[in-house]
Structure formats: C-alpha cells, structure tokens
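Report on the structure
Next come the chains, spelled out residue by residue.
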Amino acid sequence: MFRHSAVGELTTQIGVYALCDLDGVPIYVGQSVDGIRQRVRRHLTSARSDVIANRQVDVWEVAWVHAWPVDDARHIGELEANLFHYFNAKSALMNGSVPIAPAQFTMREPAQRIQVMDSDEIASRLQPTVRLPRQIEHYGRLVDHYLNVKDSPELRVSMEAHFERLVRYHRLFLEQHGPAPAGSEDLKDD
C-alpha cells in the first residue's frame, strides 16, 4: 500500500524519470510521453514494462523515483540522454539501450524525489544477508533469460551493470562478517 500511495505523488506530466535502488542510486533512466506517474506505475507493477519482463531491473530493489517533468515533448530525448550519461558515469545503469552522449550537459536537480518504499523495508532489504542472496538470484534469472529467451546486446549491458553491483554487495557481505579466517590467502604477508 505504501508504494501505491507514494507513486500517486509523482507528477502526471511527461518527462524523464530515474528508478533508484535502496541506496538512492539511479539504476534505470527512462522517459514517458504518457505521464511519469503512469509509466513508473507500470514498471513497479510489471505491467507492460520491457525492462521488467527482460529482467533488466529488479523491482524489489527500487526504493526511490526521481522525476524531471518537461513542458515540451521535444526535450525528452535530450534530457534522457543527458541524465543517462551523467548517472551511468557514476554507477552503471540497467538500461539496455545507450543514448548518444550529449556534447555538454549541466545537471539539474529533479523536480521530485519520491520514496516508494517504506523506510523500515529499505533498512531490512539493505542488510547484506538479505540483499546479496536476492540480487544473486535476480542475476541468475537475467542470465537465464539471456541464454534461453533473448540474446541481445541490451541484456549484456544490463548483465554487466548487475555484475558490478553484485561485486559491491559481495564485499559488503564479507565486511559484515568480519576478517578472513586465519590461514587464508588474504592474511598472508608479502
């Protein structure tokens, strides 16, 4: 119920949006010519959403949505390309297609930052013992989809982005569980 109510706060204007993970980091940048709220709602309910159907984005991970509404649909493509390249340079996005990089870009803050997951749920899912197994499972589904359903360059881009995140989640998991056991390669002196 929290998610449904929170998504209702998103603008109905056209524009660009970013789906953000439990850490608030964008994982997907998209555009909507039907209204941002309607498009995001379809993503989060898996209704007619290719990025969900193709396993590119795990809805379980989406805790925030940022929105950049525009008055003129002619500006959507350029804004999406700008935001894609800005965020992708910081952390690989799950987008399958990569828009042409803009010649220059000045980052503007989103008009909205909507939390679409309850704070307690975010805290629970951020636990490495919860997040790592979930994301390993999702990565497995993505690879299976790639091998058995759709062999595409777009899915390879998403697999690479997921794998980079898995490495980060793996490190957090190990850090949470203390130093390597005595006698392990990590503890040997050079």
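Note that the coordinates shown come from a computational prediction; the quantities given were computed from them, not determined experimentally. (Residues numbered from 1 in each chain as written. Predicted model: local features only at pLDDT ≥ 70, side-chain atom pairs only at ≥ 80, totals over all residues. Heavy atoms only, no water.)

1. Quick word on the overall build of the chain
On a plain count of helices and strands, the chain comes out with seven helices and four strands. When its helices and strands are written in sequence order, the chain yields α-β-β-α-α-β-α-β-α-α-α. Since a compact globule built from 190 residues should have a radius of gyration of about 16 Å, the 18 Å found for the chain is in line with a globular shape. The principal-axis extent of the C-alpha atoms belonging to the chain is close to 65 × 35 × 35 Å. Taking the intrachain contacts of the chain between residues at least 6 apart in sequence as the baseline, contacts between residues at least 24 apart amount to 69%. Accessible area of the chain: about 10500 Å², with a carbon and sulfur share of 52%. Placing the 21 positive and 26 negative side-chain charges of the chain at their respective mean positions leaves the two points 6 Å apart. (Helix = DSSP H or I, 4+ residues; strand = E, 2+ residues; numbered from the N terminus. Rg over C-alpha atoms; globule rule 2.2 N^0.38 Å. Contact = heavy atoms within 4.5 Å. Areas by Shrake-Rupley, 256 points an atom, 1.4 Å probe, with all protein chains shown as cover. Lys, Arg positive; Asp, Glu negative; His and termini not counted. Charge placed at Lys NZ, Arg CZ, Asp CG, Glu CD.)

2. Examining the packing of aromatic side chains
Enumeration according to the criterion identifies five aromatic pairs in this entry. Ring geometry for Y17 against Y28: centres 6.4 Å apart, planes inclined by 40°, an arrangement best described as tilted. Residue Y17 is found in strand 1 (residues 15-20), and its partner Y28 is found in strand 2 (residues 26-32); the two are separated by 11 residues along the sequence. By relative accessible area, which is 0% here, Y17 ends up buried. Take Y28: its relative accessible area is 10%, and that puts it in the buried class. Judged by centre distance (6.0 Å) and plane angle (50°), the rings of W68 and F87 are tilted. Of the two residues, W68 is situated in strand 3 (residues 64-69) and F87 in helix 4 (residues 76-90); the sequence distance between them amounts to 19 residues. One aromatic cluster is present, formed by W68, Y86, F87 and F105 through successive ring pairs. (Phe/Tyr/Trp six-rings, centres within 6.5 Å; stacked < 30°, edge-to-face > 60°. Buried < 20%, exposed > 50% of the residue type's maximum accessible area, 1.4 Å probe, protein only.)

3. Some points on the pairing of strand 2
Counting buried residues along strand 2, six of its seven residues qualify, which places the element largely inside the surrounding structure. Bridge analysis of strand 1 against strand 2 gives six bridges, and the strand direction is antiparallel. When the sheet's bridge partners are listed, A18 is paired in strand 2 with V29. Connecting strand 1 to the antiparallel partner strand 2 that follows it, the hairpin turn spans five residues, and G24 within it adopts a positive phi of roughly 85°. (Pairing = 2+ DSSP bridges.)

4. Focus on the environment of V65
Along the chain, the position of V65 falls in strand 3. Considered as a pair, V65 and V40 are 25 residues apart in the sequence and their alpha carbons are 8.2 Å apart. Not counting residues within four places of it along the chain, the set of residues in contact with V65 comprises L10, Y17, A18, L19, V40, Q112, R113, I114 and V116.

5. Considering the sheet that holds strand 3
Strand order in the open sheet made by the four strands is 2-1-3-4, with antiparallel pairing throughout. Of all strands in the sheet, those bounded by a partner on one side alone are strand 2 and strand 4 (112-115). Strand-to-strand twist of the sheet, defined as the mean angle between neighbouring strand axes without regard to direction, takes the value 20°. Against the sheet, helix 4 makes contact with strand 1, strand 2 and strand 3, and its axis sits at roughly 175° relative to strand 2, the strand it touches most. (Axes fitted to C-alpha atoms, helices over the stretch in contact; angles between N-to-C directions.)

6. Thoughts on the nonpolar core
In this structure, L19, V40, V57 and V116 are the most contacted members of the largest nonpolar core, which totals 22 residues. If you list the elements that add at least two residues to this core, you get helix 1 (2-7), strand 1, strand 2, helix 2 (36-44), helix 3 (50-53) and strand 3. Top contributing element to this core by residue count: helix 2, with three residues. One finds I14, F84, F87 and L93 within the second-largest nonpolar core, a separate group that totals 13 residues. (Core = buried A, V, L, I, M, F, W, Y, C linked by side-chain atoms within 4.5 Å.)

7. What to know about the environment of G8
The residue G8 is located in the loop between helix 1 and strand 1 in this model. Its relative accessible area of 33% is what places G8 among the partly exposed residues. On a C-alpha basis, the gap between G8 and I27 in space is 21 Å, while along the polypeptide they are 19 residues apart. Excluding residues that lie within four positions of it along the chain, G8 makes contacts with R37 and R41.

8. A word on the pattern of salt bridges
Taken as a whole and assessed by the stated rule, the structure comprises 11 salt bridges. Notably, a salt bridge pairs D34 with R42, separated by 4.0 Å at the nearest N-O pair. For D34, a relative accessible area of 47% puts it in the partly exposed group. (Salt bridge = Lys/Arg side-chain N within 4 Å of Asp/Glu carboxyl O.)

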